[in-house]
Amino acid sequence: MIFTLLDIINSIKKFPFYIITPTIYAIGNASEQINLAANYTDKRKKDLIVIKINVLPKFLEYSICNDALFESLQLENQNNKYKVIRFLLWFFVNLEFFFRRTFILFFRKLFKIKFKEKYIFPAIGIDQIYGTKKINLKTINYKTIKPFRSNNELLIIDPEKVKYCENKIRKLGLEREDKIVCVHSRDTEYRGDLHRKNYRNSDINNYIDTINFLIQKGYKVIRMGKNSNKKINLQHKNFIDYNFVEIQEDLLDLYLIKRCEFYIGSQSGILDVAHMFNKPILLTNMCELYSAYPRKDCDLGIFKKISNKVSGEIINISNFAKMQFKYHDPQVEIKDLIFDENSPEDLLESTKEFLENLEKKNSKTELQKNFNELIKKQHEIFFYKRPRNQHNLLKQIDALKMIRTVKLSEGALCNTYLKKQILEQKK
């Protein structure tokens, strides 16, 4: 009742607020939703109100990905003067969630009934920022779908909490004037997915040469993440393995990414925090092409080496881009391909290219432009190719969001990587 009512209120143009309940358990989805909502409200001159679901998480069997993400962010031009309104909204939303979640857990355990996600967690304001309430993908022309509006410099951390973080980072050996780089490598400890989509993971020790190179360039490097299963074989006064420090906390996770000069990491949820704070990004060990392509003009990426599990045949990235859509849906597990992670040499080479591009603001090469054109055209082909008995783009649960993100993406794969792909194809 409350969920539906607030969605109706959100659609009123003259209503001064926009209310959202981001996905509480997934930092990537929540960061993306908050960022898009910030852009949505900024364009409409509204104030953003983020409601956090946090009633009895242990009893109701759910987790909160990062408390600070829902409590410590604000629009740069918006203060926190709506405390009473926020509290009332929080109370009634969490009250309805409590009764819904209790009912669903009861029937799930008693009758083994499965419920769709939208019946379990509130998604107030989410469909509206994605555009799903206005766009019918079955009838619309692909070319008329607009990319997301994305001014990624709208959100800041509460200034008082910034002061707290500035004092706390001294325990890590960091000062305000230090130039820092955040590095993240997803591993099997994340969500305990050792035997599911293991190809998304990579070994942090392959980044050692890259980290040493960045240290030589005058940066202090911080390995981000939580619950990692492997320590890095590197000790240096200008390297911090934040995974294993005692002072790690949710607020500091956000602050360090907000403070960094740029971000290097794999396609994992924390990547969207870097997007949210408008950080230059080098994507490494990529295994998803369309759903998380380098986004900003300065962003670069390097894909894993792809091969057929049965024949051992190497698959060129251009050929991979044209494979059936099921290979590009992040919700589908790929079982017949092998994704070999980037070597230390690959990572170092791509980092050097990325840094050079940042320093000199190099434009894209013809090779990069041509590949970008290829995937843009191919994604449009996926849109119109709708075989009945096969997985296709329109059956993807977040199809519209993916289309609008693909159209937004202006980055590229590393030129050095694409050159190697051409050489490999000629062999």
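Look a little higher up for the structure.
Just so it is clear, the structure is predicted and the values come from calculations on it, not from any experiment. (Residues numbered from 1 in each chain as written. Predicted model: local features only at pLDDT ≥ 70, side-chain atom pairs only at ≥ 80, totals over all residues. Heavy atoms only, no water.)

Visitor: Quick question: what am I supposed to make of the overall build of the protein chain here?
Guide: Broken down by element type, the protein chain carries 14 helices and 14 strands. Over its C-alpha trace the protein chain gives a radius of gyration of 22 Å, about what one expects of a compact globule, namely 22 Å for 427 residues. If you line up the protein chain on its principal axes, its C-alpha atoms span 65 × 60 × 45 Å. Residue pairs at least 24 apart in sequence account for 72% of intrachain contacts in the protein chain once pairs closer than 6 positions are excluded. (Helix = DSSP H or I, 4+ residues; strand = E, 2+ residues; numbered from the N terminus. Rg over C-alpha atoms; globule rule 2.2 N^0.38 Å. Contact = heavy atoms within 4.5 Å.)

Visitor: Can you walk me through the layout of surface pockets in this structure?
Guide: Counted as a void, the second largest pocket has a volume near 630 Å³. Tyr40, Arg44, Gln128, Lys134 and Arg404 are the residues nearest the centre of the second largest pocket, which is lined by 25 residues in total. Those elements giving two or more residues to the lining of the second largest pocket turn out to be α2 (27-43) and α5 (126-130). Take the lining of the second largest pocket: its biggest share by element is four residues, from α2. Of the residues that constitute the lining of the second largest pocket, the class distribution is nine nonpolar, six polar and ten charged. (1 Å grid on protein atoms, 1.4 Å probe; cavity = no way out; pocket = protein on both sides within 12 Å on 5 of 7 lines; lining within 4 Å. Points joined across faces, edges and corners; volume = space filled by probe spheres on them. Nonpolar A, V, L, I, M, F, W, Y, C, P; charged D, E, K, R; others polar.)

Visitor: Explain helix α1 (residues 2-10) here, please?
Guide: One turn of the α-helix equals 3.6 residues, which is why residues spaced by three or four share an orientation. Among the residues of α1, those classed as buried are Phe3, Leu6, Asp7 and Asn10. In an axial view of α1, the angular spread of the buried residues amounts to 105°, which keeps them on one side of the axis. Next to the buried residues of α1 lie β1 (17-20), α4 (83-111) and α5. (Buried < 20%, exposed > 50% of the residue type's maximum accessible area, 1.4 Å probe, protein only. Arc of directions from axis to C-beta.)

Visitor: How should the packing of aromatic side chains be read in this particular structure?
Guide: Given two aromatic rings, one states the distance between the centres and the angle between the planes to describe the pair. Under the definition given, this model contains 23 aromatic pairs. Ring plane angle 65° and centroid distance 5.6 Å describe the contact between Phe325 and Phe382, whose orientation is recorded as edge-to-face. A residue pair is termed long-range when its members are at least 10 positions apart, and Phe325 in the loop between α10 (317-321) and β13 (337-340) and Phe382 in helix α12 (residues 366-384) qualify at 57 residues. For Phe325, a relative accessible area of 3% translates into the label buried. Judged by relative accessible area, Phe382 falls into the buried class, the value being 5%. Here the aromatic cluster, defined as three or more aromatic residues joined through ring pairs, consists of Tyr25, Tyr62, Phe97 and Phe121. Between Lys407 and the ring centre of Tyr142, over which it is positioned, the NZ or CZ distance is 4.5 Å. (Phe/Tyr/Trp six-rings, centres within 6.5 Å; stacked < 30°, edge-to-face > 60°. Lys NZ or Arg CZ within 6 Å of the ring centre and 35° of its normal.)

Visitor: What's the story with the nonpolar core in this structure? I'm lost.
Guide: Buried together is how nonpolar side chains tend to be arranged in soluble globular proteins. Membership of the largest hydrophobic core comes to 131 residues, with the highest contact counts inside it found for Leu69, Leu256, Leu289, Ile317 and Phe320. Considering each element in turn, this core owes the most residues, seven residues, to α2. Apart from the residues lying within four places of it in its own chain, the contact partners of Leu69 are Ile27, Ala30, Ser31, Ile34, Leu254 and Met276. (Core = buried A, V, L, I, M, F, W, Y, C linked by side-chain atoms within 4.5 Å.)

Visitor: Help me understand empty space enclosed by the protein in this model?
Guide: Here the idea is plain: a probe the size of a water molecule rolls over the atoms and shows the empty space left. Within the structure shown, the criterion is met by three cavities of 30 Å³ or more. In terms of lining residues, the largest cavity is bounded by Glu32, Asn35, Leu36, Phe148, Ser150, Asp272, His275, Met276, Arg295, Thr405 and Leu408. Taken together, the elements giving at least two residues each to the lining of the largest cavity come down to α2, α9 (271-276) and α13 (399-408). Per-class residue counts for the lining of the largest cavity are four nonpolar, four polar and three charged. In this structure, the second largest cavity occupies an estimated 70 Å³ of space.

Visitor: Quick question: what am I supposed to make of the sheet that holds β13 here?
Guide: Whenever strands of a sheet pair, they do so through backbone hydrogen bonds, lying parallel or antiparallel. Taken in spatial order, the three strands line up as β12-β11-β13 in an open sheet, and their pairing is antiparallel. A strand with exactly one partner marks an edge of an open sheet, and here the two such strands are β12 (314-315) and β13. When strand β11 (residues 305-308) meets β13, the two strands line up antiparallel, connected through four bridges. Paired with Asn308 across the bridge in β13 is Leu337. (Pairing = 2+ DSSP bridges.)

Visitor: Would you mind showing me how to read the sheet that holds strand β7 (residues 239-241) here?
Guide: Pairing is parallel across the open sheet formed by seven strands, whose spatial order is β7-β6-β5-β8-β9-β10-β14. If you trace the sheet from one side to the other, it starts and ends with β7 and β14 (412-413), each paired once. Where strand β10 (residues 300-303) meets β14, two bridges bridge the pair, whose relative direction is parallel. If you follow Gly301 over to β14, its bridge partner there is Leu413.

Visitor: I would appreciate a short explanation of the pattern of salt bridges in the present structure.
Guide: Opposite charge on two side chains permits them to pair, given that their charged atoms come into close proximity. All told, the structure shown has 24 salt bridges when counted by the stated rule. With its nearest N and O atoms 3.1 Å apart, the salt bridge here joins Asp299 to Lys296. In this structure Asp299 comes out as buried when scored by relative accessible area, which is 0%. Lys296 sits in the buried class, given a relative accessible area of 14%. One salt-bridge network, held together by shared partners, links Glu32, Asp398 and Lys401. (Salt bridge = Lys/Arg side-chain N within 4 Å of Asp/Glu carboxyl O.)

Visitor: What is the right way to look at the side chain of His379 in this model?
Guide: Tracing the chain through its elements places His379 in helix α12. With relative accessibility at 0%, the residue His379 sits in the buried group.

Visitor: In this structure, what is going on with the side chain of Ser307? I would like to understand it.
Guide: Locating Ser307 in the fold gives a position in strand β11. Of the residues examined, Ser307 reaches a relative accessible area of 8% and is grouped as buried.

Visitor: Sorry if this is basic, but what is going on with helix α7 (residues 208-216) here?
Guide: Among the residues of α7, Ile208, Thr210, Ile211, Phe213, Leu214 and Ile215 are the ones counted as buried. Phi turns positive, to about 100°, at Gly218, one or two residues after α7.

Visitor: What's the story with the pairing of β10 in this structure? I'm lost.
Guide: Two faces, one strand: in a regular strand the side chains alternate between the faces of the sheet. Residues Leu300 and Ile302 point to one face of β10 and Gly301 and Phe303 to the other, with burial holding for every one of them. Sheet topology note: the strand β9 (residues 281-286)/β10 ladder contains three bridges and is parallel. Within β10, the residue paired with Leu283 across the bridge is Gly301.

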